[in-house]
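What follows is the residue order along each chain.
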Amino acid sequence: MTDQDLDPATMREQYRSEIVAEESLAADPMRQFARWFQQAADAHVFEPNAMIVSTATPDGRPSSRTVLLKQFDEGGFVFFTNYGSRKGRELAENPHIALLFPWHPIARQVAVTGTASPIGRDETAAYFRSRPHGSQLGAWASEQSTVIGSRDELDRRYAELAARYPQGEQVPVPPQWGGLRVTPREVEFWQGHENRLHDRLRYTREASGWRIERLCP
(Lines give C-alpha, C1' and ligand atoms only; values in the text may rest on other atoms or scores of the structure.)
Protein backbone atom coordinates (compact mmCIF):
# COMPACT_ATOMS: atom_id res chain seq x y z
CA MET A 1 0.00 0.00 0.00
CA THR A 2 1.06 3.58 -0.59
CA ASP A 3 0.24 6.69 1.43
CA GLN A 4 -2.49 7.45 -1.09
CA ASP A 5 -4.25 4.10 -0.67
CA LEU A 6 -7.49 4.18 1.28
CA ASP A 7 -7.73 1.83 4.23
CA PRO A 8 -11.36 0.76 4.75
CA ALA A 9 -10.51 -0.40 8.29
CA THR A 10 -10.06 3.24 9.34
CA MET A 11 -13.34 4.47 7.82
CA ARG A 12 -16.05 4.92 10.42
CA GLU A 13 -18.86 7.31 11.27
CA GLN A 14 -20.68 7.98 14.52
CA TYR A 15 -24.42 7.87 13.89
CA ARG A 16 -26.43 10.32 15.96
CA SER A 17 -30.18 9.91 15.92
CA GLU A 18 -33.18 9.38 18.16
CA ILE A 19 -33.85 5.97 19.71
CA VAL A 20 -36.62 4.00 17.99
CA ALA A 21 -38.93 2.68 20.73
CA GLU A 22 -41.19 -0.30 20.17
CA GLU A 23 -44.26 1.66 21.24
CA SER A 24 -43.62 4.20 18.46
CA LEU A 25 -43.91 1.57 15.72
CA ALA A 26 -46.96 0.94 13.55
CA ALA A 27 -48.79 -2.33 14.14
CA ASP A 28 -47.78 -3.71 10.74
CA PRO A 29 -44.55 -3.31 8.73
CA MET A 30 -46.08 -1.83 5.59
CA ARG A 31 -47.47 1.14 7.52
CA GLN A 32 -44.12 1.54 9.28
CA PHE A 33 -42.36 1.36 5.91
CA ALA A 34 -44.66 4.07 4.55
CA ARG A 35 -43.62 6.35 7.44
CA TRP A 36 -39.90 5.78 6.93
CA PHE A 37 -40.18 6.00 3.15
CA GLN A 38 -41.83 9.41 3.44
CA GLN A 39 -39.16 10.55 5.90
CA ALA A 40 -36.40 9.39 3.52
CA ALA A 41 -38.02 11.36 0.70
CA ASP A 42 -38.45 14.42 2.93
CA ALA A 43 -34.72 14.18 3.81
CA HIS A 44 -33.92 14.24 0.07
CA VAL A 45 -32.30 10.80 0.08
CA PHE A 46 -31.30 10.13 -3.53
CA GLU A 47 -33.76 7.66 -5.06
CA PRO A 48 -35.28 6.41 -1.79
CA ASN A 49 -37.09 3.74 -3.83
CA ALA A 50 -33.77 2.16 -4.87
CA MET A 51 -33.42 -1.27 -3.28
CA ILE A 52 -30.96 -4.13 -3.48
CA VAL A 53 -32.76 -7.25 -4.71
CA SER A 54 -31.16 -10.59 -3.85
CA THR A 55 -32.22 -13.89 -5.40
CA ALA A 56 -30.75 -17.39 -5.53
CA THR A 57 -30.76 -20.43 -7.75
CA PRO A 58 -32.46 -23.61 -6.48
CA ASP A 59 -29.03 -24.86 -5.32
CA GLY A 60 -28.39 -21.68 -3.35
CA ARG A 61 -26.09 -19.57 -5.57
CA PRO A 62 -27.01 -15.94 -4.76
CA SER A 63 -26.98 -12.79 -6.88
CA SER A 64 -27.83 -9.15 -6.12
CA ARG A 65 -28.58 -5.99 -8.05
CA THR A 66 -30.20 -2.58 -7.50
CA VAL A 67 -33.80 -2.21 -8.69
CA LEU A 68 -36.37 0.56 -8.25
CA LEU A 69 -39.45 -0.05 -6.13
CA LYS A 70 -42.52 1.09 -8.06
CA GLN A 71 -45.46 0.24 -5.81
CA PHE A 72 -46.12 -0.79 -2.23
CA ASP A 73 -49.27 -1.42 -0.23
CA GLU A 74 -50.57 -3.77 2.45
CA GLY A 75 -49.87 -6.69 0.11
CA GLY A 76 -46.15 -6.02 -0.28
CA PHE A 77 -43.58 -4.46 -2.59
CA VAL A 78 -43.74 -4.38 -6.42
CA PHE A 79 -40.96 -3.96 -8.97
CA PHE A 80 -40.79 -4.57 -12.72
CA THR A 81 -38.31 -6.55 -14.78
CA ASN A 82 -37.73 -8.75 -17.80
CA TYR A 83 -38.87 -12.20 -16.72
CA GLY A 84 -36.02 -13.68 -18.78
CA SER A 85 -33.39 -11.76 -16.79
CA ARG A 86 -31.22 -13.53 -14.26
CA LYS A 87 -33.42 -12.46 -11.35
CA GLY A 88 -36.55 -13.36 -13.28
CA ARG A 89 -35.27 -16.85 -14.09
CA GLU A 90 -34.05 -17.43 -10.54
CA LEU A 91 -37.35 -16.33 -9.01
CA ALA A 92 -39.31 -18.56 -11.37
CA GLU A 93 -37.42 -21.55 -9.92
CA ASN A 94 -36.91 -20.28 -6.37
CA PRO A 95 -39.37 -17.58 -5.22
CA HIS A 96 -37.47 -16.69 -2.03
CA ILE A 97 -36.16 -13.12 -2.18
CA ALA A 98 -34.53 -10.42 -0.04
CA LEU A 99 -34.81 -6.63 -0.42
CA LEU A 100 -32.65 -3.97 1.20
CA PHE A 101 -33.35 -0.22 1.21
CA PRO A 102 -30.01 1.49 2.07
CA TRP A 103 -30.85 5.01 3.23
CA HIS A 104 -27.29 5.92 4.23
CA PRO A 105 -27.74 9.72 4.59
CA ILE A 106 -30.21 9.22 7.45
CA ALA A 107 -28.44 6.15 8.90
CA ARG A 108 -31.37 3.86 8.21
CA GLN A 109 -32.04 0.70 6.30
CA VAL A 110 -35.01 -1.61 5.84
CA ALA A 111 -34.40 -5.31 5.15
CA VAL A 112 -37.17 -7.52 3.79
CA THR A 113 -37.35 -11.29 3.24
CA GLY A 114 -40.26 -13.05 1.60
CA THR A 115 -41.44 -14.58 -1.64
CA ALA A 116 -42.04 -13.10 -5.09
CA SER A 117 -44.80 -13.84 -7.58
CA PRO A 118 -45.89 -12.21 -10.87
CA ILE A 119 -48.63 -9.58 -10.76
CA GLY A 120 -51.53 -9.56 -13.22
CA ARG A 121 -51.01 -8.50 -16.84
CA ASP A 122 -53.57 -5.69 -16.53
CA GLU A 123 -51.60 -4.20 -13.64
CA THR A 124 -48.36 -4.61 -15.60
CA ALA A 125 -49.88 -2.92 -18.67
CA ALA A 126 -51.15 0.01 -16.61
CA TYR A 127 -47.69 0.65 -15.20
CA PHE A 128 -45.93 0.10 -18.55
CA ARG A 129 -48.08 2.78 -20.20
CA SER A 130 -47.18 5.23 -17.44
CA ARG A 131 -43.46 4.94 -18.27
CA PRO A 132 -41.65 7.45 -20.50
CA HIS A 133 -41.71 6.53 -24.19
CA GLY A 134 -37.97 5.87 -24.23
CA SER A 135 -38.21 3.47 -21.30
CA GLN A 136 -40.97 1.57 -23.06
CA LEU A 137 -38.73 1.14 -26.10
CA GLY A 138 -35.83 0.13 -23.87
CA ALA A 139 -37.85 -2.76 -22.43
CA TRP A 140 -38.12 -4.17 -25.97
CA ALA A 141 -34.55 -3.35 -27.03
CA SER A 142 -32.83 -5.10 -24.12
CA GLU A 143 -32.96 -8.88 -23.72
CA GLN A 144 -31.88 -8.37 -20.13
CA SER A 145 -28.96 -10.44 -18.80
CA THR A 146 -28.16 -11.99 -22.21
CA VAL A 147 -24.78 -11.50 -23.94
CA ILE A 148 -24.71 -8.81 -26.65
CA GLY A 149 -21.94 -8.21 -29.15
CA SER A 150 -21.51 -4.45 -28.70
CA ARG A 151 -23.07 -1.21 -27.53
CA ASP A 152 -23.69 -0.38 -31.19
CA GLU A 153 -25.93 -3.43 -31.50
CA LEU A 154 -28.03 -2.28 -28.53
CA ASP A 155 -28.28 1.25 -29.93
CA ARG A 156 -29.28 -0.15 -33.33
CA ARG A 157 -32.09 -2.19 -31.79
CA TYR A 158 -33.35 0.89 -29.99
CA ALA A 159 -33.22 3.03 -33.16
CA GLU A 160 -35.21 0.44 -35.09
CA LEU A 161 -37.87 0.39 -32.38
CA ALA A 162 -37.98 4.19 -32.25
CA ALA A 163 -38.65 4.23 -36.00
CA ARG A 164 -41.38 1.58 -35.64
CA TYR A 165 -43.03 3.27 -32.65
CA PRO A 166 -42.42 7.03 -32.89
CA GLN A 167 -43.27 9.40 -30.04
CA GLY A 168 -47.04 9.51 -29.55
CA GLU A 169 -47.68 5.99 -30.82
CA GLN A 170 -48.59 3.32 -28.28
CA VAL A 171 -45.88 0.76 -27.61
CA PRO A 172 -47.21 -2.75 -26.90
CA VAL A 173 -46.32 -4.32 -23.56
CA PRO A 174 -43.51 -6.87 -24.03
CA PRO A 175 -44.78 -10.36 -23.20
CA GLN A 176 -41.55 -11.18 -21.34
CA TRP A 177 -41.73 -8.06 -19.16
CA GLY A 178 -43.82 -7.47 -16.06
CA GLY A 179 -44.19 -6.91 -12.35
CA LEU A 180 -43.24 -9.01 -9.36
CA ARG A 181 -44.87 -8.62 -5.96
CA VAL A 182 -42.77 -9.42 -2.90
CA THR A 183 -44.94 -10.70 -0.05
CA PRO A 184 -42.92 -10.06 3.13
CA ARG A 185 -42.35 -12.70 5.79
CA GLU A 186 -39.93 -10.59 7.85
CA VAL A 187 -39.23 -6.84 7.75
CA GLU A 188 -36.41 -5.34 9.83
CA PHE A 189 -36.06 -1.60 10.50
CA TRP A 190 -32.49 -0.54 11.32
CA GLN A 191 -31.52 2.83 12.78
CA GLY A 192 -27.87 3.67 13.30
CA HIS A 193 -26.67 4.98 16.69
CA GLU A 194 -23.45 5.97 18.44
CA ASN A 195 -20.99 3.29 19.48
CA ARG A 196 -22.63 0.80 17.13
CA LEU A 197 -25.57 0.41 19.54
CA HIS A 198 -28.05 0.44 16.68
CA ASP A 199 -31.81 -0.12 16.85
CA ARG A 200 -33.00 -3.25 15.05
CA LEU A 201 -36.75 -3.85 15.16
CA ARG A 202 -38.02 -6.92 13.32
CA TYR A 203 -41.58 -7.74 12.26
CA THR A 204 -42.28 -11.45 11.69
CA ARG A 205 -45.49 -12.68 10.08
CA GLU A 206 -47.57 -15.07 12.16
CA ALA A 207 -51.02 -16.60 11.68
CA SER A 208 -52.51 -14.03 14.06
CA GLY A 209 -50.66 -11.00 12.64
CA TRP A 210 -47.19 -9.54 13.11
CA ARG A 211 -44.77 -10.16 15.99
CA ILE A 212 -42.35 -7.32 16.78
CA GLU A 213 -38.98 -8.07 18.38
CA ARG A 214 -35.84 -6.07 19.14
CA LEU A 215 -32.56 -7.60 17.95
CA CYS A 216 -29.07 -6.98 19.27
CA PRO A 217 -27.12 -4.76 16.88
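I will try to describe carefully the structure that is included in this document. Quick caveat, the model's predicted, so the values are computed rather than measured. (Residues numbered from 1 in each chain as written. Predicted model: local features only at pLDDT ≥ 70, side-chain atom pairs only at ≥ 80, totals over all residues. Heavy atoms only, no water.)

1. As for the environment of Pro-95
Here is step 1: Checked against the element boundaries, Pro-95 lands in the loop between helix H2 (86-93) and strand E5 (96-103).
Here is step 2: Of the residues examined, Pro-95 reaches a relative accessible area of 33% and is grouped as partly exposed.
Here is step 3: Between the C-alpha atoms of Pro-95 and Val-182, which are 87 residues apart in sequence, the distance is 9.1 Å.
Here is step 4: In this structure Pro-95 touches Gly-114, Thr-115 and Ala-116, once residues within four positions along its chain are discounted. (Helix = DSSP H or I, 4+ residues; strand = E, 2+ residues; numbered from the N terminus. Buried < 20%, exposed > 50% of the residue type's maximum accessible area, 1.4 Å probe, protein only. Contact = heavy atoms within 4.5 Å.)

2. What to know about the packing of aromatic side chains
Here is step 1: One pass over the structure, following the stated rule, counts 16 aromatic pairs.
Here is step 2: Arranged with centres 6.0 Å apart and planes meeting at 80°, the rings of Tyr-15 and Trp-190 form a pair that is edge-to-face. One end of the pair, Tyr-15, is in the segment before helix H1 (29-42); the other, Trp-190, is in strand E7 (residues 177-191), with 175 residues separating them in the sequence.
Here is step 3: Assessed through its relative accessible area of 26%, Tyr-15 is described here as partly exposed.
Here is step 4: Note on Phe-33 and Phe-37: the rings are 5.6 Å apart at their centroids and 20° apart in plane angle, and the pair reads as stacked. One end of the pair is Phe-33 and the other is Phe-37, both in helix H1 and four residues apart, which spans about a single turn. Judged on exposure class, the residue Phe-33 and its partner Phe-37 are both buried. (Phe/Tyr/Trp six-rings, centres within 6.5 Å; stacked < 30°, edge-to-face > 60°.)

3. Topic: the pattern of salt bridges
Here is step 1: Summed over all chains, the structure comprises 15 salt bridges.
Here is step 2: The network of salt bridges with shared partners includes Arg-202, Glu-206, Arg-211 and Glu-213. (Salt bridge = Lys/Arg side-chain N within 4 Å of Asp/Glu carboxyl O.)

4. Brief notes about H2
Here is step 1: Along H2, the residues classified as buried are Lys-87, Gly-88, Glu-90 and Leu-91. Buried residues of H2, viewed axially, fall in a sector of 165°; they line one side. Summarising the geometry of H2, the exposed residues directed more than 90 degrees from the buried face are Ala-92 and Glu-93. (Arc of directions from axis to C-beta.)

5. Details of the packing of helix H4 (residues 133-141) against helix H5 (residues 151-164)
Here is step 1: It is at 9 Å that the axes of H4 and H5 come closest, and there the two elements cross at 125°. Here H5 runs oblique to H4, going by the angle between their axes. Crossing of H4 against H5: the hand is right-handed. Residues Gly-134, Leu-137, Gly-138, Trp-140 and Ala-141 of H4 form the contact with H5, whose participating residues are Leu-154, Arg-157, Tyr-158, Leu-161 and Ala-162.
Here is step 2: Partitioned by chemical class, the residues of the contact of H4 with H5 number seven nonpolar, two polar and one charged. (Axes fitted to C-alpha atoms, helices over the stretch in contact; angles between N-to-C directions. Parallel < 35°, antiparallel > 145°, perpendicular 65-115°, else oblique. Left-handed = near helix turned anticlockwise from the far one by under 90°. Nonpolar A, V, L, I, M, F, W, Y, C, P; charged D, E, K, R; others polar.)

6. A word on the nonpolar core
Here is step 1: Ranked by internal contacts, the top residues of the largest apolar core, which has 29 residues, are Phe-33, Phe-77, Phe-79, Leu-99, Phe-101, Trp-103 and Val-110.
Here is step 2: Of all the secondary-structure elements, those providing two or more residues to this core are H1, strand E1 (50-56), strand E4 (76-82), E5, strand E6 (108-118), E7 and strand E8 (199-206).
Here is step 3: The element contributing the most residues to this core is H1, with five residues.
Here is step 4: Sequence-distant contacts of Leu-99, defined by excluding residues within four places in its chain, comprise Met-51, Ile-52, Val-53, Phe-77, Val-110, Ala-111, Val-112 and Val-182.
Here is step 5: Counting residues in hydrophobic clusters, the runner-up holds 14 residues, among them Ile-119, Phe-128, Leu-161 and Tyr-165. (Core = buried A, V, L, I, M, F, W, Y, C linked by side-chain atoms within 4.5 Å.)

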